[in-house]
Every structure is written in C-alpha cells, then in structure tokens.
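# Summary of structural features
Chain by chain, the residues run as shown.
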Amino acid sequence: MNQRPTFKYHPNYYRLSDPAPEKSVCQCCGREVDVYENGLYSDEDVECVCLDCVANGAAAKKFNGEFNSVDPDEQPNDPARTDEILHRTPSFDSWQDYSWPTCCDDYCAFLGHYADEPVKKLRISDDAYEAFDGDSLSADDLAYVKETGDGLVFQCLHCRKFYLIPDYD
C-alpha cells in the first residue's frame, strides 16, 4: 500500500476530509482512488485529482490551476512557500473564498473548523485566538463561531499563535 502524502500547511487533511462515497478516477494520472481533492481552480472542469497529484504539483501543472488563494500583499519572501500553497496544498471548505493567512513570513497551517474534532482536542481557549487583521475578535464574531462552528482555525508554524476567521455563510 502506498503511503499517503502529507501537507505541511494542511496537517489534518485526512482527519477532516471524508473519503468519497465511491471510487473515482483521477483526471490527472488516471488511477482509481477513493480519497481525492475537487477544489482545483482551473479553466477546465476538474472534479477529481488524487492527493499524490496534488502533493507533487502535477494536477496544478496539467490543468494550469491553483488550489488556494493568496493575498499578493501578504506573500512570504520565499516564493517556494507560495508555490506550495497554490499548487501542492489541498483547499479547505468554507463559505467564503479566503486568502491563505500568513504569519512570521510563512503561511499558517489550517487546523480545521472551530467545531472539528482535531481543533476541539487542542482545547484552545477562546481568548487565545487572534484575528488576522490585527484586531481582536469581536464578541459577535466569537458568538457566531461558537454557535455555528463556522470558524477557520489556523496556527503559525513559527510563533504558534492561533488565528480564527469567522466563516459567515
């Protein structure tokens, strides 16, 4: 059995993503797979690329696409980090289209949604979260996230700060 690829900026991918209800064929390599990514932004209609083709960049290259968005004004100095986020990191589910957040001249790791098991297991106190815009989270934002679970949780890979983005529908 092949070892699954890991993702530096999406470490809980397999714990957050349910396997597909049935096998599908990767549109990049042609293999039949049961866990795949369908979040490639491309001019072509791409519904299934295997995680090996995500991790090695083949899918993004073949379909001239990107898996995530980045803020051009917030990109780290090392262009390889941006390349990894855009072309070799699976996307995350959200109501809105967010730019992948940065801290300490690198992208943060997406840990999951506020109500996801990997995040709950960390037992992060609500006052430990910071907002990405430098402001504190408003009471309304935090109340919404606590009620709906719709908050995106990231952690800086360097200073280890936790960030929370309320994901309003």
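Here the structure is shown first, and the text comes after it.
A brief report on the enclosed structure follows. Per-chain numbering applies: the sequence of each chain, read as written, is numbered from 1 onward. Local features in this predicted model are restricted to residues of pLDDT 70 or higher, and side-chain atom pairs are both shown and tallied only at a pLDDT of 80 or more, whereas totals for entire chains, interfaces and linings draw on every residue. Excluding hydrogens and water, the side-chain values take into account all heavy atoms of the structure.

## Considerations on the overall build of the chain
The helix and strand labels rest on DSSP assignments: H or I over at least four residues marks a helix, E over at least two residues marks a strand, and numbering proceeds from the N terminus. Summing up its helical and strand segments, the chain has 6 helices and 10 strands in all. A radius of gyration in this sense is built from C-alpha atoms; the matching globule rule multiplies 2.2 Å by the number of residues raised to 0.38. In summary, the chain has a C-alpha radius of gyration of 16 Å against a globular reference of 15 Å for 169 residues, a match within 12%. Considering only C-alpha atoms, the chain reaches an extent of 50 × 35 × 30 Å along its principal axes. Burial classes follow relative accessibility: with a 1.4 Å probe on protein chains only, a residue under 20% of its type's maximum area counts as buried, one over 50% as exposed, and anything between as partly exposed. The 169 residues of the chain split such that 44% are buried. Whether two residues touch is decided by their heavy atoms; if any such pair falls within 4.5 Å, the residues are in contact. Nonlocal contacts in the chain, meaning residues at least 24 apart in sequence, comprise 58% of its contacts between residues at least 6 apart. Throughout, the Shrake-Rupley method with a 1.4 Å probe supplies accessible areas, and for residues the shown protein chains are the sole cover considered. Carbon and sulfur atoms form 43% of the exposed surface of the chain, whose accessible area is close to 9,600 Å². Treating the 15 positive side-chain charges of the chain as one cloud and the 34 negative ones as another, the clouds have centres 11 Å apart. Counted as positive: Lys and Arg. Counted as negative: Asp and Glu. His and the chain ends are not counted at all. In this description, the location of a charge corresponds to atom NZ of lysine, CZ of arginine, CG of aspartate or CD of glutamate.

## Quick notes on the sheet that holds strand S8 (residues 129–130)
Strands qualify as paired when DSSP identifies two bridges or more between them. Across the sheet, which stays open at both edges, the 4 strands sit in the order S7-S9-S10-S8 with mixed pairing between neighbours. Two strands in the sheet have a free side with no partner beyond their single neighbour: strand S7 (109–113) and S8. Bridge analysis of S7 against strand S9 (residues 151–155) gives 4 bridges, and the strand direction is antiparallel. Its bridge partner being in S9, Ala 109 is matched across the sheet by Gln 155.

## Quick notes on the nonpolar core
The set of buried Ala, Val, Leu, Ile, Met, Phe, Trp, Tyr and Cys residues whose side-chain atoms join them within 4.5 Å is what this entry labels a nonpolar core. One finds Cys 28, Val 49 and Phe 67 to be the most contacted residues of the largest nonpolar core, which totals 18 residues. A total of 3 residues in this core trace back to one element, the largest contributor, which is helix H2 (residues 51–55). Beyond its immediate chain neighbours, meaning those up to four positions away, Cys 28 contacts Val 49, Cys 53, Ala 58, Ala 59, Lys 62 and Phe 63. With 16 residues, the next largest nonpolar core counts Tyr 9, Val 70, Phe 92 and Cys 108 among its residues.

## Describing helix H4 (residues 79–88)
Residues Thr 82, Ile 85 and Leu 86 constitute the buried set of H4. In a view along the axis of H4, the buried residues occupy a sector of 90 degrees, so they form one face of it. At its buried positions, H4 is contacted by strand S6 (106–107). The reported arc concerns the directions from the helix axis to the C-beta atoms and nothing else.

So far we have only geometry, and geometry alone does not tell us how the molecule works.
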